[in-house]
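What follows is the residue order along each chain.
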Amino acid sequence: MQANGNANQRIARISAHLNPNYLKMEGSSGLQQVSCRAKGGAPGFKVAILGAAGGIGQPLAMLMKMNPLVSVLHLYDVVNSPGVTADISHMDTGAVVRCFLGQSQLEDALIGMDLVIIPAGVPRKPGMTRDDLFNINAGIVKTLCEGITKCCPNAIVNLISNPVNSTVPIAAEVFKKAGTYDPKRLLGVTMLVVVRANTFVAEVMGLDPREVEVPVVGGHAGVTILPLLSQRESSLLISYNLSTPIQVKPPCSFTPEETDYLTSRIQNGGTEVVEDFLYLFLSCSLLGSAWLYLQRIRISKSWGGIGNTINALDSHIKIPQAYAAVKFADACLRGLRGDASVIQCAFVASQVTELPFFASKVRLGRTGIDEIYPLGPLNEYERVGLEKAKKELAESIQKGVSFIKK
Ligand SMILES: NC(=O)c1ccc[n+]([C@@H]2O[C@H](COP(=O)([O-])OP(=O)(O)OC[C@H]3O[C@@H](n4cnc5c(N)ncnc54)[C@H](O)[C@@H]3O)[C@@H](O)[C@H]2O)c1
Ligand SMILES: O=C(O)C[C@H](O)C(=O)O
């Protein structure tokens, strides 16, 4: 194997993984000249994660580093991104990982990106709704989206920060204001509720979750999450009349009790996790769990001290949430690559209902969303649910729009 460059150049390349400013300090003319990838690394897409040091950001970064479609991975956060980047960069997979820390490095983090994934912001604590996060997360999403308009206006944006029902309209308004809005490129990530729906249905029916595909439409909070359980048989083939066949799932139907149980569990899955974690934290702390102890120290440091420790107790590494986010990001990348029939649910600008945004099945392509599918036939239970969902969604969307237009 032949080494690439002289010793100083090699050391500079390694240091640039962790802090791209290293090369600037060394007198390089800029980031674009840096090639941090080992010789022979595969070409692929450039992906930035904003909020990469967080509970969802860290496992998301790890899983994106493992994705063969990713050639460059930028990890941005306002705290702790150097440590996370150091960890992730030791993985012997193809993607080059670079660290960006703090607002002054946001633009460098975004230049030239194909896909920007945003899990930045505060998570819920027990007793809170996603909407309770609006006051803090709205401003964070606004700032990050302003960076995107400047540095990578053509990137696909995957918005994870809650409340998704409002943060997606906020992002749209920021992009409109800057004249860079393309509704095909802005997607609110609702994949997690689809993942939960598939799992819970599989449990009830005794199926392998990989065989199950439940369309979940509407939004990403409480009653706005509307699983279309009546459609989980062969709905894609029947209602969308696609030319490319999609695998028909094993047919089954649910009793009214099962439908109630499943709908409620899917709608409240996020709350189940938030409430359960506090219980888990307290029990494990009593048992002296080293992991949780370390997490607590790490989180309290990152949140600025003892005073905030209590607030941060329910923040934890969110692996299934990251799994869902990566499943969705991977679908976006496969669409960008030109794969056929990449279909997922997402919260997007839509004409499927009278609302300006709605989650439904979309087909992903080389420029983002290629097609948005209609809801298909609903039963009476789902029609009632749809009306409730639309009422709450309308308010959340308006709240996001007004935040920018005020
Ligand atoms: N849509 C979904 O499916 C889904 C799933 C899980 C979490 N979430 C949401 O994602 C968000 C993050 O959740 P978490 O559990 O990772 O929280 P967390 O507190 O563990 O991590 C959030 C990270 O964002 C960073 N951050 C804060 N302000 C920032 C800024 N201005 N720029 C860049 N980074 C910033 C923090 O430093 C932190 O590292 C929450 O709003 C949560 O509700 C959504
Ligand atoms: O519920 C939350 O607050 C986080 C996320 O949206 C989830 O569904 O787990």
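Residues numbered from 1 in each chain as written. Chains lettered and ligands numbered in written order. Predicted model: local features only at pLDDT ≥ 70, side-chain atom pairs only at ≥ 80, totals over all residues. Heavy atoms only, no water.

K.L.:
Just checking my understanding: could you explain the packing of aromatic side chains for this structure?
P.N.:
Within a pair of aromatic rings, the relevant descriptors are the distance that separates the centres and the angle that separates the planes. In the structure shown here, the tally under the stated rule is 2 aromatic pairs. When the ring centre of Phe134 is taken as reference, the NZ or CZ atom of Lys399 above it lies at 4.7 Å. (Phe/Tyr/Trp six-rings, centres within 6.5 Å; stacked < 30°, edge-to-face > 60°. Lys NZ or Arg CZ within 6 Å of the ring centre and 35° of its normal.)

K.L.:
Just to check I follow, could you spell out the UniProt feature "domain: Lactate/malate dehydrogenase N-terminal" (unreviewed entry) in the protein for this structure?
P.N.:
The feature "domain: Lactate/malate dehydrogenase N-terminal" (unreviewed entry), as annotated in UniProt, sits at residues 46-188 in this numbering. As a span, residues 46-188 carries 39% helix and 21% strand, and end to end its C-alpha atoms are 19 Å apart. (UniProt positions renumbered as here; feature names shortened; annotations may be inferred. Helix = DSSP H or I, 4+ residues; strand = E, 2+ residues; numbered from the N terminus.)

K.L.:
Quick question: what am I supposed to make of the pattern of salt bridges here?
P.N.:
Side chains that differ in charge, positive against negative, can pair when their charged atoms come close. Summed over the entire model, instances satisfying the criterion amount to 16 salt bridges. Between Glu213 and Lys361 there is a salt bridge whose closest N-O contact spans 2.5 Å. Linking Glu213 in the loop between helix H8 (191-205) and strand S7 (216-218) with Lys361 in strand S10 (residues 357-365), this pair joins segments that are 148 residues apart in sequence. Among the charged side chains, a network of salt bridges with common partners joins Glu203, Arg265 and Glu272. (Salt bridge = Lys/Arg side-chain N within 4 Å of Asp/Glu carboxyl O.)

K.L.:
Could you clarify how one ought to interpret the nonpolar core in this entry?
P.N.:
The nonpolar side chains of a soluble globular protein tend to be buried with one another. Core analysis: the biggest nonpolar cluster contains 57 residues, and Ile49, Leu60, Met64, Leu75, Ile117, Leu187 and Leu333 have the highest contact counts within it. When residues in this core are grouped by element, the largest group, 10 residues, is from helix H14 (residues 319-337). Ala109, Val141, Leu144 and Leu228 belong to the second-largest nonpolar core, a separate cluster that totals 47 residues. (Core = buried A, V, L, I, M, F, W, Y, C linked by side-chain atoms within 4.5 Å. Buried < 20%, exposed > 50% of the residue type's maximum accessible area, 1.4 Å probe, protein only.)

K.L.:
I keep staring at helix H15 (residues 380-405) and nothing clicks. Help me out?
P.N.:
Along an α-helix, residues three or four positions apart point the same way, because every turn accommodates 3.6 residues. Taking 1.5 Å per residue, 26 residues should reach 38 Å; H15 reaches 37 Å between its end C-alpha atoms and fits that length. Within the span of H15, buried status applies to Glu382, Gly385, Leu386, Ala389, Lys390, Leu393, Ser396, Ile397, Gly400, Val401, Phe403 and Ile404. In this fold, the buried residues of H15 make contact with helix H6 (134-151), helix H7 (164-178), S7, strand S8 (225-227), strand S9 (342-349) and S10. The N-capping residue of H15, defined by a side-chain oxygen 3.2 Å from the backbone nitrogen of Tyr381, is Asn379. (Expected span 1.5 Å × (residues − 1). Contact = heavy atoms within 4.5 Å. Polar contact = N/O pair within 3.5 Å; in protein donor to acceptor, adjacent residues only side chain to side chain.)

K.L.:
What am I meant to see in the site of ligand 1 here?
P.N.:
Around ligand 1 lies a shell of 29 residues, among which Gly55, Asp77, Val122, Asn162 and Lys318 are the nearest. Between ligand 1 and Gly54, the relevant distance is 3.2 Å, taken from an oxygen atom to a main-chain nitrogen or oxygen of the residue. With respect to ligand 1, the backbone of Gly121 contributes an N or O atom lying 3.2 Å from an oxygen atom. Against a free-state accessible area of 860 Å², the protein chains account for coverage of 89% of ligand 1. Where the shell around ligand 1 is concerned, the elements lending two or more residues are strand S2 (70-77) and H6. (Near = heavy atom within 4 Å. Areas by Shrake-Rupley, 256 points an atom, 1.4 Å probe, with all protein chains shown as cover.)

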